[in-house]
Amino acid sequence: MDISILGSQILGIIPLGDIVFYMTSFNLFMFVTALAFTFLIAISKTETQVEAEFGTLGDRQLKVAKNEFKIRRFLAIICGLATAGAMVTGDLFDFTLFVCLIGIVNIGIVGAVKQIDVLDSAFQYGLIAMMASTPLFAGAALILASTGTISILEINSLTFTTPMMLLGSLLLFMGVAGETGVAPFFATKAEMFRTPGSPFLLIIHLSSLLIIVRAIEILLIINKPF
Amino acid sequence: MKSIGRIWNSFANPDKIPRIYAMILGIVLVAGFIIPLTLNDNQLYPRPEPQNQINAQDPLAPYDRGGTPFQERGIVTAQYKQFLPAIGFITAYLSPIAIGVKNTTLYYGTSIYSSPGGLIDEILYYTRGFDTVLESSILMMAFVIASWVAINFTMRRED
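Residues numbered from 1 in each chain as written. Chains lettered and ligands numbered in written order. Predicted model: local features only at pLDDT ≥ 70, side-chain atom pairs only at ≥ 80, totals over all residues.

1. A few points about the overall build of chain B
Point 1. Helix and strand counts for chain B come out as six helices and zero strands.
Point 2. For chain B, the sequential pattern of α-helices and β-strands runs α-α-α-α-α-α.
Point 3. Residues counted as buried form 16% of the 159 residues belonging to chain B.
Point 4. For chain B, long-range pairs separated by at least 24 residues make up 45% of all intrachain contacts whose partners lie at least 6 apart in sequence. (Helix = DSSP H or I, 4+ residues; strand = E, 2+ residues; numbered from the N terminus. Buried ≥ 20, exposed ≤ 12 C-beta atoms within 10 Å, placed from the backbone. Contact = placed C-beta atoms within 7 Å.)

So this is what it looks like as structure tokens:
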């Protein structure tokens with residue numbers, strides 16, 4: 001393999017029919033990070049919060065019930081695996097599907113809590129995640145229409161960029177920003193972190209961080225600003 | 001005239017965030033109208049003219065990709081030429097329900113016919129392999145979350 005993507009050599013590919021996963025040292029690092037964190041989550045127990053009240057001695061312990069713990073661990077593991085997959089996929093449409101899976105699983109992780117405030121902001125986040133799937137897939141479709149391919153390896157070897165590819169990238173970025181809830185749409189997620197249930201909530205942070213880094217890599221590959 | 005600090009503060013209110021997102025998305029979409037359209041003719045997934053299949057009274061028109069499952073390859077262009085011999089053998093696969101619908105009506109391919117899993121998806125996605133797995137796992141997660149919420153919040157309410 002003597003193909004290079006953004007200056008780093010491809011170490012190998014994993015062919016799955018028409019969809020190819022590729023590994024560069026950059027992708028591989030993020031892939032291993034996501035998998036290692038998923039493993040840590042799979043073997044850990046949830047935290048217990050203590051709520052202190054001003055002026056009194058009435059401390060309250062917030063515990064996570066067993067069935068709530070189980071569904072959140074399951075969804076957190078799926079979220080970690082989807083993040084790991086999105087790090088190495090070499091297909092634009094596959095990437096959007098992974099992001100969509102992460103979005104829906106994030107809603108589920110906080111949808112299982114019992115605090116009303118948290119559920120309210122999870123509802124608002126769900127609205128954004130649903131809206132975001134439109135620009136996400138529309139962006140991938142516009143890039144497919146203007147380049148004729150959605151393989152990132154093929155797009156990497158193209159020599160031209162058109163304004164429509166720029167619009168497609170912009171829509172794709174809007175979609176990723178909505179699904180992962182980064183700033184300026186972060187307020188909905190910030191409320192969600194108040195609930196007890198670390199470390200499962202941390203996978204929401206980690207997945208959005210890694211997905212944004214990867215999305216920027218893909219946008220650089222498509223638009224070739226350098 | 002609101003001060004900039006008040007505008008920043010409105011970003012901290014979760015109720016307003018979906019509206020802000022929808023507004024920004026609307027601006028981007030409207031700005032998209034002035035972008036000149038370009039279409040690359042050398043598309044990855046070619047198919048015959050839609051009218052050909054409709055005139056031939058094909059119930060799967062315009063999505064028919066030909067072929068017989070496990071025997072004959074459908075109309076497939078591979079992204080990576082070295083994998084071409086291996087793909088396209090299940091492009092024509094239909095589930096028993098889909099075969100039933102196909103035998104009942106001539107308009108299967110053009111009707112908005114949906115069920116869990118999506119019958120149209122069966123024709124579209126088998127070309128691409130791993131997408132099929134992901135697509136159905138998104139649906140499965142949605143059902144997992146919905147049924148958990150239904151069982152624990154709707155049927156076993158504690159309050």
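2. Description of the overall build of chain A
Point 1. Along chain A, the regular secondary structure elements total eight helices and five strands.
Point 2. Secondary structure of chain A in N-to-C order comes out as β-β-β-α-β-β-α-α-α-α-α-α-α.
Point 3. Looking at chain A as a whole, 46% of its 226 residues qualify as buried.
Point 4. Taking contacts inside chain A between residues at least 6 apart in sequence as the whole, the part at least 24 apart equals 73%.

3. A short note on the interface of chain A and chain B
Point 1. On the side of chain B, 41 residues touch chain A, which itself brings 48 residues to the contact.
Point 2. Going through the elements one at a time, β2 (8–16), β3 (19–24), α2 (66–88), α3 (92–111), α4 (116–147), α6 (163–180) and α7 (187–192) of chain A are the ones with two or more residues in the side of chain A that touches chain B.
Point 3. When residues in the side of chain A that touches chain B are grouped by element, the largest group, eleven residues, is from α3 of chain A.
Point 4. Per-class residue counts for the side of chain A that touches chain B are 30 nonpolar, 14 polar and four charged. (Nonpolar A, V, L, I, M, F, W, Y, C, P; charged D, E, K, R; others polar.)

4. Remarks on the nonpolar core
One recurring pattern in soluble globular proteins: nonpolar side chains tend to sit buried together.
Residues and elements named next belong to chain A.
Point 1. Cys-79, Phe-98, Val-99, Leu-101, Val-105 and Ile-109 are the most contacted members of the largest nonpolar core, which has 69 residues in total.
Point 2. At 13 residues, α3 tops the list of elements feeding residues into this core.
Point 3. Here Ile-109 is in contact with Arg-72, Leu-75, Ala-76, Cys-79, Phe-200, Leu-201 and Ile-204, once residues within four sequence places are set aside. (Core = buried A, V, L, I, M, F, W, Y, C linked by C-beta atoms within 7 Å.)

5. A few points about the confidence of the model for chain B
All names here are of chain B.
Point 1. Confidence in the prediction for chain B averages 77 pLDDT; 83% of positions are at 70 or higher.
Point 2. Between the elements of chain B, mean pLDDT differs from a low of 53, seen in helix α5 (residues 119–125), to a high of 90, seen in helix α2 (residues 17–31).
Point 3. Below a pLDDT of 50 lies the segment residues 114–118, which in the model reaches three contacts outside its immediate sequence neighbourhood of four places, other chains included.
Point 4. Interface predicted TM-score (ipTM) for the complex: 0.84; the corresponding pTM is 0.86. (pLDDT = per-residue confidence, 0-100.)

6. Regarding the pairing of β3 of chain A
All names here are of chain A.
Point 1. With six bridges connecting them, β2 and β3 associate as antiparallel partners. Across the sheet, Leu-16 pairs through a bridge with Ile-19, a residue of β3.
Point 2. Here β2 folds back onto β3 in antiparallel fashion, the turn holding two residues, of which Gly-17 has a positive phi close to 70 degrees. (Pairing = 2+ DSSP bridges.)

7. Considering the environment of Ser-3 of chain B
All names here are of chain B.
Point 1. By the secondary structure assignment, Ser-3 is in the segment before α1 (4–10).
Point 2. Using a count of 8 C-beta atoms within 10 Å as the deciding quantity, one classes Ser-3 as exposed.
Point 3. Between the alpha carbons of Ser-3 and Ala-142 there is a distance of 42 Å; along the sequence they are 139 residues apart.

8. So, α2 of chain B
All names here are of chain B.
Point 1. In this model α2 runs 21 Å from its N-terminal to its C-terminal C-alpha over 15 residues, within 8% of the 21 Å that 1.5 Å per residue would give.
Point 2. Inspection of α2 places Ile-17, Pro-18, Tyr-21 and Leu-25 among the buried residues, and these make up the whole buried set. Projection of α2 onto a plane perpendicular to its axis shows the buried side chains occupying an angular sector of 95 degrees, all on one side. For α2, the exposed residues set more than 90 degrees away from the buried face come down to Arg-19, Met-23, Gly-26, Ile-27, Val-30 and Ala-31. (Expected span 1.5 Å × (residues − 1). Arc of directions from axis to C-beta.)

9. Some remarks on the pairing of β2 of chain A
Looking along a regular strand, one sees side chains alternate from face to face of the sheet.
Residues and elements named next belong to chain A.
Point 1. Judged from the two bridges that link them, strand β1 (residues 4–5) and β2 form a sheet pairing that is antiparallel. Considered in β2, the bridge of Ser-4 is made with Gln-9.
Point 2. Remark: two residues form the turn of the hairpin made by β1 and β2, two consecutive strands paired antiparallel; Leu-6 in that turn has positive phi of roughly 50 degrees.

10. Regarding helix α1 (residues 25–43) of chain A
All names here are of chain A.
Point 1. Compared with an ideal rise of 1.5 Å per residue, which puts 19 residues at 27 Å, α1 spans 27 Å between its outermost C-alpha atoms and is within 8% of the ideal.
Point 2. What α1 keeps buried is the set Asn-27, Met-30, Phe-31, Ala-34, Phe-37 and Thr-38. All buried residues of α1 project into a common sector of 135 degrees when viewed along the axis, lining one side. Residues of α1 that are exposed and angled more than 90 degrees away from the buried face: Ser-25, Phe-29, Val-32, Ala-36, Phe-39 and Ile-43.
Point 3. Tucked into the core, α1 has its buried residues touching β3, α2 and α8 (202–223).

11. Considerations on the confidence of the model for chain A
Point 1. Across chain A, the average pLDDT comes to 85, with 99% of residues at or above 70.
Point 2. Ranking the elements of chain A by mean pLDDT puts β1 of chain A last with 72 and α6 of chain A first with 91.

12. Focus: the sheet that holds β3 of chain A
Residues and elements named next belong to chain A.
Point 1. The three strands lie next to each other as β1-β2-β3, forming an open sheet whose pairing is antiparallel. Taken across any chain shown, the strands that pair with only one partner, and hence form the sheet edges, are β1 and β3.
Point 2. Against the sheet, α1 makes contact with β2 and β3, and its axis sits at roughly 95 degrees relative to β3, the strand it touches most. (Axes fitted to C-alpha atoms, helices over the stretch in contact; angles between N-to-C directions.)

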